[in-house]
Amino acid sequence: MKESHEMDMPVEPGSIEFPKITQTGWSKAGKFRSLLAWTGLVLVTALAFLFSDLSRFPVLMWDESRLAVNALEMALNGPSLVTTFGFEPDLWNTKPPLQIWLMALSISHASQPEVGLRLPSALAALATVALIFYFTYRFTRSPVTAAAAALLLLSSRGFYGTHVARTGDYDALLVLLATAYCGLLFRLLHGSKSRAFVFEATGLCLALAVMTKGVGGLMPVAGVVVHAMLTRRWHRLWVWPSSLKAALIFSVLLTSFYVFRELSSPGYLEAVLRNEFGRYVADLDPQSEATRQGFMYLFQVVTVHRHFALGILLVFVLPIGWYLATPRRRLLLSYALVVSFTFLLVVSSSRTRYYWYIAPVYPWLAVAAAVSIESIIKWLKHNLHRRWQALGRAAPALLALLLAGVFGLAVADRHVRLVNYRDGYESAYGPFLKDLVYAGHDRITVVDGGRADAGPVMNAHYNPVLRFYQMYIGWRTGASVQIVHALPASLSTGDVLATCDARFSLSPSQAFEVIAHTGRCNAVAVK
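Keep in mind that this is a model prediction, so the values were computed, not measured. (Residues numbered from 1 in each chain as written. Predicted model: local features only at pLDDT ≥ 70, side-chain atom pairs only at ≥ 80, totals over all residues. Heavy atoms only, no water.)

A. Looking closely at the packing of helix H4 (residues 113–140) against helix H16 (residues 361–383). In the contact formed by H4 and H16, the axes pass within 11 Å of each other and the chain directions differ by 40°. Taken together, the axis directions place H4 and H16 in an arrangement best described as oblique. As H4 packs across H16, the resulting crossing turns out to be right-handed. Of H16, the residues touching H4 (which contributes Thr128, Ile132, Phe135, Thr136 and Thr140) are Pro363, Trp364, Val367, Val371 and Glu374. For the contact of H4 with H16, the per-class residue count stands at six nonpolar, three polar and one charged. (Axes fitted to C-alpha atoms, helices over the stretch in contact; angles between N-to-C directions. Helix = DSSP H or I, 4+ residues; strand = E, 2+ residues; numbered from the N terminus. Parallel < 35°, antiparallel > 145°, perpendicular 65-115°, else oblique. Left-handed = near helix turned anticlockwise from the far one by under 90°. Contact = heavy atoms within 4.5 Å. Nonpolar A, V, L, I, M, F, W, Y, C, P; charged D, E, K, R; others polar.)

Okay, here's the thing in structure tokens:
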């Protein structure tokens, strides 16, 4: 096929137009103002919700703190292909370094360490909300439906919660990139015209998703493949030479990284096979909740545990909406549901089933739910008997109440419950040590035993939270924080000891004077 800037493809059954968003040709200028108003409402709401609490809780033990150490060491040493822990190549956290690069850049410029670590995740989450709004609007031409999809996503605990949008982890960036390439693939499969740059952008987003979370970045592709086979449109993905360009972008970027990473630190590829593929076929941690749950656990997380905003209502909304939807909207519903359901099946089939592993399904569940609700409301408005038409007219108001209710629950959950959540005593070290330094203590010895059950590749005194704050305080203030694993045998007058580890007692005595006490943490000065 001869390629130009825009490649015309024959319009087939199942092909759809993606009209440009411009004011030209709209029947009323009010539609443009409505779009701007809904866009502004969604973005302002997302900004306030996602960014206002980033500094209100300390670095968490799992898994934010290990990435925090990775990022701070890279900020201190400069950009590198090799992620380090303890300034040695990290062969436990074997994900490619895209997220670590962003966190290192952010922490180098942020005034508060917690904000610096979490800002890339918050920005990725904001971009995902905007992308879902844009995609849904381009397809439905309804700003209300687009806003509903964005707000349902924003109100989903599996999206805004720990390990995704609110902490310095991989998954928020993964969700953004997976949503982007799944949206591009939908356009390639069903758009009446496919531009050359769409293929190239798809290849780039796929490569960046792998650079974010390794093999996990490719898992949503399984649902796209299933959908392409069911609709018999897989041939739309093979257009010469655009498909070749996309494949080259993907393969050159990833091959270059993995080859040079292995050359920089031999043994990396073996560790990747053990850690990333091993999670699928083996119990890396038999005591973990992720290996004790049954096959249906992740489906229950979405619905019964209400990690998606609608919770169990989703089970009723989706089939009813699909049945009542127009053929055009049913096409989008089918794509979103196949991508989501296939992804859930793939992760549920593995031996490791952490709830945040399924974060990429929430944008597509939000789109499916919003389009289903729109279809139900339209049916109610046009098909109810005259005596029930008042219910149809009230349906938009009921939708507004539903969205306000689920978003209110999300605000209470994230900004009240989760702000006070701690996943171990280790998180208390951050604010406690910063308070001691601000009080003028510039030489502090911390007594901490660490985690004895942290795993075979982590030392017996594993505490990356403490390690992070030790390095950060020394870097930013020049204060000295020394970590020991037992009470020192000899002490000098004026020495400051601190601990948040209940295994060590720093009670007031003839030898110690308490200088600070907060919750489980104590600090004493030697008399």
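Next comes the rest of the write-up.
B. View of the state of the cysteines. Applying the stated criterion across every chain yields a total of one disulfide. Across the disulfide from Cys500 sits Cys521; the S-S distance is 1.9 Å. Handedness here is read from the sign of the S-S torsion; for Cys500 and Cys521, about 105°, the answer is right-handed. Here Cys521 lies in strand E9 (residues 521–526) and Cys500 lies in the loop between strand E7 (496–499) and strand E8 (512–518), a separation of 21 residues in the sequence. Residue Cys500 is classed as buried on the basis of its relative accessible area of 1%. The class of Cys521 is buried, set by a relative accessible area of 2%. (Disulfide = S-S within 2.5 Å. Buried < 20%, exposed > 50% of the residue type's maximum accessible area, 1.4 Å probe, protein only.)

C. Up close: the packing of aromatic side chains. Taken as a whole and assessed by the stated rule, the structure comprises 22 aromatic pairs. Plain terms: the ring middles of Phe139 and Phe186 are 5.9 Å apart, the flat faces sit at 65° to each other, and that makes the pair edge-to-face. Of this pair, Phe139 sits in helix H4 while Phe186 sits in helix H7 (residues 171–190), placing them 47 residues apart in sequence. In this structure, Phe139 and Phe186 share a single accessibility class: buried. Taking the centre distance of 6.0 Å and the plane angle of 90° together, the rings of Trp356 and Tyr357 count as edge-to-face. (Phe/Tyr/Trp six-rings, centres within 6.5 Å; stacked < 30°, edge-to-face > 60°.)

D. Spatial organisation of the sheet that holds strand E6 (residues 480–484). Spatially, E6-E5-E7-E9-E8 is the arrangement adopted by the five strands of the open sheet, whose pairing is mixed. Two strands in the sheet have a free side with no partner beyond their single neighbour: E6 and E8. With direction set aside, neighbouring strand axes in the sheet form an average angle of 25°. Relative to E9, E8 is paired through six bridges, and the arrangement is antiparallel. Within E9, the position partnered with Val514 by the bridge is Val524. Its contacts with the sheet put helix H18 (residues 429–438) on strand E5 (443–447), E7, E8 and E9, and the angle it makes with E5 is roughly 155°. Along the sheet face, helix H19 (residues 464–477) touches E5 and E6 and points at about 155° away from the line of E6. (Pairing = 2+ DSSP bridges.)

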